[in-house]
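# Structural characterization, general
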Amino acid sequence: MISCDKAATICNKTQYREATFSEVLKLRLHLFICKACSKASKKNKQLTSLCEKAKLYSLSDKEKLEMKEQFKGQA
Amino acid sequence: MTQHTLEPKLWVDNYADYLFNFAVSRVSDGEVAKDLVSETFLAGLKSAKNYKGDAAERTWLIAILKRKVIDHYRKTNSKKGKAEVRMNYSSASDAEGDWLEEQVADPFSMLENSAIENKELGLAIQDCISKLPKKQAQVFTMKTIQGVSTEDICNELDINPSNLWVMIHRARTGLMGCLNKNWF
């Protein structure tokens, strides 16, 4: 049996598809018994799907650095 | 009303991603959006003395960015001579029958709405990310948005995986709370 803390970690890993098969099995079993965790897991999945839906973009550190350099030249 | 001050040194760190998302959703081209954002920062610096301190820094920068986006479209249109709108009734112009009915928008289509909603959602999420503690925001952005692998993040930031998962967990919890307040 795993603790709720452990379950939360595995749940986060599954959001990035990084949990191992045995971890997923443990998580499933835990979610089956633990109401609070299954609720939290649902919320977590929802957040992942929101992030995917929003098609977020971000600038890499390198691009930001370039921007800063450019900025310094002017300032 | 509180007085706001400008701190140009922190602009890139604090607002680059937010402005970039705003720009990308309007010009749908990463390179152009990047240029617009850096132009915005430069313009902001140049007219910093005109900043009255009524609006928050970010609002002020967004206002400049909006002008830059408009300028961008003006420029691309003038290159072609002038804005040209061409309409084809349908690609199969020789089709007979109910051609007018076919052009009517589908009242049950959710596509248009959800596109607009997704734009706003993107900005809402970005907003919430920027409210997180810096380290958490950084890890979350790298992991979720840039899709960097766990190993690479750990190497780059010099932390161990369990550290990373704890930070991800806190970031996700924080984000969820923030989105619950501002989005749902």
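Before reading further, recall that the structure is shown in the block above.
Residues numbered from 1 in each chain as written. Chains lettered and ligands numbered in written order. Predicted model: local features only at pLDDT ≥ 70, side-chain atom pairs only at ≥ 80, totals over all residues. Heavy atoms only, no water.

### Structural notes on the interface of chain B and chain A
Under the convention used in this document: Any two residues whose heavy atoms approach within 4.5 Å are treated as being in contact. Accessible area, probed at 1.4 Å, shrinks when two parts are joined; the buried area is that loss added up over both. Salt-bridge detection follows one rule: a side-chain nitrogen of Lys or Arg within 4 Å of a carboxyl oxygen of Asp or Glu. Numbering of helices and strands runs from the N terminus; a helix is a DSSP stretch of H or I covering at least four residues, while a strand is a stretch of E covering at least two. Residue polarity follows a fixed list, in which Ala, Val, Leu, Ile, Met, Phe, Trp, Tyr, Cys and Pro are nonpolar, Asp, Glu, Lys and Arg are charged, and the others, Gly among them, are polar.
Taken together, the contacts link 39 residues of chain B with 32 residues of chain A. When the buried area of chain B at its contact with chain A is split by residue, V12, W165 and R172 of chain B rank highest and sum to 20% of it. Inspection of the region where chain B meets chain A yields one salt bridge. Measuring nitrogen to oxygen at the nearest pair gives 2.6 Å for the salt bridge that ties K143 of chain B to E18 of chain A. Among the elements of the structure, α1 (11-27), α2 (30-46), α5 (111-131), α6 (134-145), α7 (150-157) and α8 (161-182) of chain B are those that each provide at least two residues to the side of chain B that touches chain A. Considering only residue class, the side of chain B that touches chain A consists of 21 nonpolar, twelve polar and six charged.

### As for the nonpolar core
Quick reminder of the rule: Residues enter a nonpolar core if they are buried and are Ala, Val, Leu, Ile, Met, Phe, Trp, Tyr or Cys, with the set joined through side-chain atoms within 4.5 Å. Only protein chains enter the accessibility calculation, which uses a 1.4 Å probe. A residue is then buried if its area is under 20% of the maximum for its type, exposed if over 50%, and partly exposed in between.
Within the largest apolar cluster, 31 residues are counted, with the highest numbers of intra-cluster contacts made by I125, I129, F140, L164, L175 and L179 of chain B. When contributions to this core are tallied by element, the ones reaching two or more residues are α3 (35-54) of chain A together with α5, α6, α7 and α8 of chain B. Broken down by element, this core gets its largest block of residues, nine residues, from α8 of chain B. Each residue touching L164 of chain B, except ones within four places of it in the same chain, is listed here: V139, K143, T150, I153, C154 and I159 of chain B. With 27 residues, the next largest nonpolar core counts Y15, A33, W60 and I64 of chain B among its residues.

### Regarding the state of the cysteines
Residue and element names in this part refer to chain B. As a reminder of what qualifies: Disulfide: a pair of cysteine sulfur atoms within 2.5 Å of each other.
Tallied over the entire structure, the rule returns one disulfide over all chains. Linked covalently through their sulfurs, C128 and C178 form a disulfide whose S-S length is 2.1 Å. Taking the sign of the S-S torsion, -80° for the link of C128 and C178, the bridge is left-handed. Taken as a pair, C128 in helix α5 and C178 in helix α8 lie far apart in primary sequence, 50 residues in all. The pair C128 / C178 is uniform in exposure class, with both members buried.

### What about a negative patch on the surface?
Rules: Nonpolar side chains (Val, Leu, Ile, Met, Phe, Trp, Tyr) are joined into patches within 5 Å and like charges within 9 Å, using only residues with over 30% relative accessible area and no salt bridge. Surface accessibility in these figures is a Shrake-Rupley result with a 1.4 Å probe; residues are shielded only by whichever protein chains are displayed. Working convention for charge: Lys and Arg count positive, Asp and Glu count negative, and His plus the chain ends are omitted. To locate a charge, take atom NZ for lysine, CZ for arginine, CG for aspartate or CD for glutamate.
A cluster of acidic residues, D29, E31, D35 and E39 of chain B, forms a negative patch at the surface. Its location among the elements puts E31 of chain B in helix α2.

### With respect to the packing of α6 of chain B against α7 of chain B
All names here are of chain B. Convention followed: Axis lines are fitted to C-alpha atoms, over the contacting stretch for helices. Their N-to-C directions set the angle, which ranges from 0 to 180 degrees. If you view the pair so one helix is near and one far, a crossing is left-handed when the near helix is turned anticlockwise from the far one by less than a right angle, and right-handed when it is turned clockwise.
At a minimum axis distance of 10 Å, the contact between α6 and α7 shows a crossing angle of 145°. Judged by the sense of rotation from one axis to the other, the crossing of α6 with α7 is right-handed. Contacts from Q138, V139, M142 and K143 in α6 reach T150, I153, E156 and L157 in α7. Grouping the constituent residues of the contact of α6 with α7 by class yields four nonpolar, two polar and two charged.

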